[in-house]
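Commentary on secondary and tertiary structure
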Amino acid sequence: HKDLLGLKGLAAEELIFLLDTARPMKEVISRPIKKVPTLRGRTVMNLFYENSTRTRGSFELAAKYLSADCVNISSSSSSVAKGESLYDTARTIQAQGADVIVLRHPMAGAPHMLAKAVKAAVINAGDGAHEHPTQALLDLFTVREQRGKIAGLTVTIIGDILHSRVARSNIWGFTTLGAEVRVCGPPTLMPVELTQTGARVFYRIEEALEGADVVMMLRIQAERQQQGLFPGLREYSRLYGLNRERLSLAKPDVLVMHPGPVNRGVELGHDTADGPESVIEEQVTNGVAVRMALLYLLTGGGAHNEADY
Ligand code: CP
């Protein structure tokens, strides 16, 4: 592959190869000196049309830990604000020497359009409500590292599924690797197309949590809500917030995950966000390792010295 645009359609072997490649990368970032020369002379451009803390920061760190140069461009402080199109912006970045363009954009399909227009590798860092493949890869890595496997586990994703690119990418990733995926949320925030993905749909959180190995909580995406879809934060929290009583319905060794940013007091309280089951900070660390692996593979590294993974 030249690009990583989504997890839909990727084979289990490709996902496993990428997750295996991230393991030695995680070892690099646990060292006191977090730098290897692997991508010296390569250039990574982060092009972000939406806000980000984790994804942008971890792509920048991933590039720097591998000795690549990294430049961050955000729509609000670039010539995008003067009316330059995504296409012209990307061609400009490529003309400056980008080997990899990491794109976050509010429109579903924007990275796919870009991938056709440039020779550089394009990584989807979140496109509208469509996919957020590197988030799902770090989630897969975290579960595999914590549990030693993914096949046969029950993964429950709770929240604003309708607007969640994280949920979509995780449904593809976890089902491809043999997990049972449950999705749960208010009926108004549950997309109809989910019935075709293999995910099981629940509207009562207690049923969705019963016997779960992994509970992935999502925030309500206030910036994407349309009038009438959303019950209100207090009502949402009462119906779908994760408290200790509800968590006790899951397996005793359940993992509590969240892609961040967390809206504390809404989907998670301090007792569940910071409880012994929480691997939220581990997810963030793993995000750097997975993105290092991806930059390495898309710039020609890998077991067979191919861009393929
Ligand atoms: N999980 C995630 O994508 O977080 P950011 O929006 O902070 O990048």
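Residues numbered from 1 in each chain as written. Predicted model: local features only at pLDDT ≥ 70, side-chain atom pairs only at ≥ 80, totals over all residues. Heavy atoms only, no water.

The name an unreviewed UniProt entry assigns to the protein is Aspartate carbamoyltransferase, from the organism Sporotomaculum syntrophicum. Per UniProt, the protein has the following entry under Function (unreviewed entry): "Catalyzes the condensation of carbamoyl phosphate and aspartate to form carbamoyl aspartate and inorganic phosphate, the committed step in the de novo pyrimidine nucleotide biosynthesis pathway." UniProt, in its Subunit (unreviewed entry) section for the protein, records the words "Heterododecamer (2C3:3R2) of six catalytic PyrB chains organized as two trimers (C3), and six regulatory PyrI chains organized as three dimers (R2)." (UniProt positions renumbered as here; feature names shortened; annotations may be inferred.)

Section: the overall build of the protein
A count of helical and extended segments in the protein gives eleven helices and nine strands. Compactness check: the protein gives a C-alpha radius of gyration of 19 Å against a globular reference of 19 Å for 309 residues, within 12% of the reference. In terms of its C-alpha atoms, the protein occupies a principal-axis envelope of roughly 55 × 45 × 35 Å. Here the protein holds 309 residues, and 56% of them are scored as buried. Accessible surface computed for the protein: about 13100 Å², of which carbon and sulfur atoms make up 51%. If the 34 positive side-chain charges of the protein are averaged to one point and the 34 negative ones to another, these points end up 3 Å apart. (Helix = DSSP H or I, 4+ residues; strand = E, 2+ residues; numbered from the N terminus. Rg over C-alpha atoms; globule rule 2.2 N^0.38 Å. Buried < 20%, exposed > 50% of the residue type's maximum accessible area, 1.4 Å probe, protein only. Areas by Shrake-Rupley, 256 points an atom, 1.4 Å probe, with all protein chains shown as cover. Lys, Arg positive; Asp, Glu negative; His and termini not counted. Charge placed at Lys NZ, Arg CZ, Asp CG, Glu CD.)

Considering the site of the ligand
The environment of the ligand is formed by S52, T53, R54, T55, R104, H132, Q135, P259 and G260. T53 places a polar main-chain atom, nitrogen or oxygen, 2.8 Å from an oxygen atom of the ligand. For the ligand, an oxygen atom lies 2.6 Å from a polar atom in the side chain of T55. If the ligand stood free it would expose 260 Å²; the protein chains cover 91% of that surface. When its residues are assigned to classes, the shell around the ligand shows one nonpolar, six polar and two charged. (Near = heavy atom within 4 Å. Polar contact = N/O pair within 3.5 Å; in protein donor to acceptor, adjacent residues only side chain to side chain. Nonpolar A, V, L, I, M, F, W, Y, C, P; charged D, E, K, R; others polar.)

Some details on the confidence of the model for the protein
Of the residues in the protein, 97% have a pLDDT of 70 or more, and the chain-wide mean is 94. The model gives residues 303–309 a pLDDT under 50, and that stretch makes 22 contacts with residues more than four places away or in other chains. Quick note on the complex model: pTM equals 0.95, ipTM equals 0.97. (pLDDT = per-residue confidence, 0-100. Contact = heavy atoms within 4.5 Å.)

Things to note about the sheet that holds strand β2 (residues 69–74)
Read across the open sheet, the four strands follow the order β2-β1-β3-β4; overall the sheet is parallel. Of all the strands in the sheet, the pair left with one neighbour each is β2 and β4 (121–127). Pairs of neighbouring strands in the sheet enclose a mean axial angle of 15°, with direction left out of account. Looking at chain direction, strand β1 (residues 43–48) and strand β3 (residues 100–105) are connected through five bridges and run parallel. (Pairing = 2+ DSSP bridges. Axes fitted to C-alpha atoms, helices over the stretch in contact; angles between N-to-C directions.)

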